[in-house]
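Commentary on secondary and tertiary structure
Listed below are the residues making up each chain.
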Amino acid sequence: MRYLIVADIHGNLEALETVIADAQRGEGFGEIWCLGDMVGYGPDPGPCLALLRSFPLVAVAGNHDLAATGKIGLELFNRHAAEAARWTVSQLSREQISYLAGLPLQLEQGEFTLVHGSPLDPVWDYFLPDSMSHLEFRECFRRTRTPFCLVGQSHIPFFCRERDLAFLRLPEGQDVPLARAERAVINPGSVGQPRDGNPQASYGIYDAAKRVLIHARTPYDIAATQAKMRYFELPEPLIRRLSQGL
Ligand code: ZN
């Protein structure tokens, strides 16, 4: 089986549709694993949720998903994120909000732990070199029972191995072999709001038969997403950052 791994979609339907179409080419996928932040920032939170849920889906909640349910307060968000979150709530059905409210914060799928932030703080942690201490990184690995942990939240793709806590770049379109002995935390990057300087949508595929992870980027119609955001009068900095990949 092949699994499509997505994170931080943030209501960007053009990016999500393009990622799914890209992943369906060739050998395709049988299930989606989503690492949270399906909604928030972008202009299509409802349609993104509906599209994700039209596939076999395993998902954990991100901070923006929880903000839409009222489980976490908007005072924890910056001004633009809070404004977008308030708008997002107005776009979701009651059923969609209760779906988001029912999502787990962390779960295990075979050899993988799925979490939005980190195993230390599933909601808020940024698993990135400058955001956590050496001790906290070690604690994340200690708390992970599976060989691999998939995270989102930073919107930056990487492969961090336990051995030396090195953050390695995920090569695009190449098979990265996963060895049980090499425990690692992996971020597939963000579908709907990449922040690594590359505006192309980012995702991963796990091929269980070959035991490899493939990281991919795909261009999508950024202008179409931006036009919708302008129509809904979402904050301008959120609109501009999409074409900058920041
Ligand atoms: Zn996010």
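These figures come from a predicted structure and were not determined experimentally.

What follows is about the overall build of the protein. A tally of helices and strands in the protein yields eight helices and twelve strands. At 17 Å, the protein has a C-alpha radius of gyration in line with the 18 Å of a compact globule built from 246 residues. Overall size of the protein, expressed as C-alpha extent along the three principal axes, is 50 × 40 × 35 Å. At a minimum sequence separation of 6, the contacts of the protein that also span at least 24 residues come to 74%. About 10,100 Å² of surface is accessible on the protein, with carbon and sulfur atoms providing 52% of the total. Taking the average location of the 24 positive side-chain charges in the protein and that of its 29 negative ones, the two points are 2 Å from each other.

Attention now moves to the pattern of salt bridges. Scanning the entire structure with this criterion turns up 17 salt bridges. Of the charged contacts, one joins Arg143 and Glu139 as a salt bridge, the two residues approaching to 2.9 Å between their closest N and O atoms. Placement of the pair is Arg143 and Glu139 together in helix H6 (residues 134–143), with a separation of four residues, close to one helical turn. Among the salt bridges present, the one from Arg183 reaches Glu162, with a minimum N-O distance of 3.1 Å. In this pair, Arg183 is assigned in the loop between strand S9 (175–177) and strand S10 (184–187) and Glu162 in the loop between strand S7 (158–161) and strand S8 (167–168), connecting sequence segments 21 residues apart. Taken together, the shared-partner salt bridges connect Arg2, Glu27, Asp207 and Lys210 into one network.

Turning our eyes to something else, we now look at unusual backbone geometry. Glycine aside, residues mostly have negative phi angles, and peptide bonds mostly take the trans form. Phi angles above zero are rare outside glycine, and Tyr41 is one such case at about 80°. With respect to the secondary-structure elements, Tyr41 resides in the loop between strand S2 (31–34) and helix H2 (45–53). According to the relative accessible area criterion, Tyr41 is buried, its value standing at 8%. A positive phi angle, close to 55°, is found at Leu165, a residue other than glycine.

This paragraph deals with the sheet that holds strand S6 (residues 148–150). An order of S4-S5-S6-S10-S7-S8 is seen for the six strands of this open sheet, with the pairing classed as mixed. Among the strands making up the open sheet, the edge pair consists of strand S4 (106–109) and S8. In terms of strand pairing, S6 meets S10 through three bridges, oriented parallel. Residue pairing across strands places Cys149 opposite Val185, the latter belonging to S10.

All right, on to the pairing of S7 then. Of the two faces of S7, the one lined by Phe158 and Cys160 and the one lined by Phe159 and Arg161 are each fully buried. In this structure, S7 lies alongside S10, joined through four bridges in antiparallel fashion. Paired with Phe158 across the bridge in S10 is Asn187. In this structure, S7 lies alongside S8, joined through two bridges in antiparallel fashion. Within the sheet, the bridge partner assigned to Cys160 lies in S8 and is Phe167. Turn length for the S7-S8 hairpin, with the two strands adjacent in sequence and antiparallel, is five residues, and the turn residue Leu165 shows positive phi of about 55°.

What counts as what
- Residues numbered from 1 in each chain as written.
- Predicted model: local features only at pLDDT ≥ 70, side-chain atom pairs only at ≥ 80, totals over all residues.
- Heavy atoms only, no water.
- Helix = DSSP H or I, 4+ residues; strand = E, 2+ residues; numbered from the N terminus.
- Rg over C-alpha atoms; globule rule 2.2 N^0.38 Å.
- Contact = heavy atoms within 4.5 Å.
- Areas by Shrake-Rupley, 256 points an atom, 1.4 Å probe, with all protein chains shown as cover.
- Lys, Arg positive; Asp, Glu negative; His and termini not counted.
- Charge placed at Lys NZ, Arg CZ, Asp CG, Glu CD.
- Salt bridge = Lys/Arg side-chain N within 4 Å of Asp/Glu carboxyl O.
- Buried < 20%, exposed > 50% of the residue type's maximum accessible area, 1.4 Å probe, protein only.
- Pairing = 2+ DSSP bridges.

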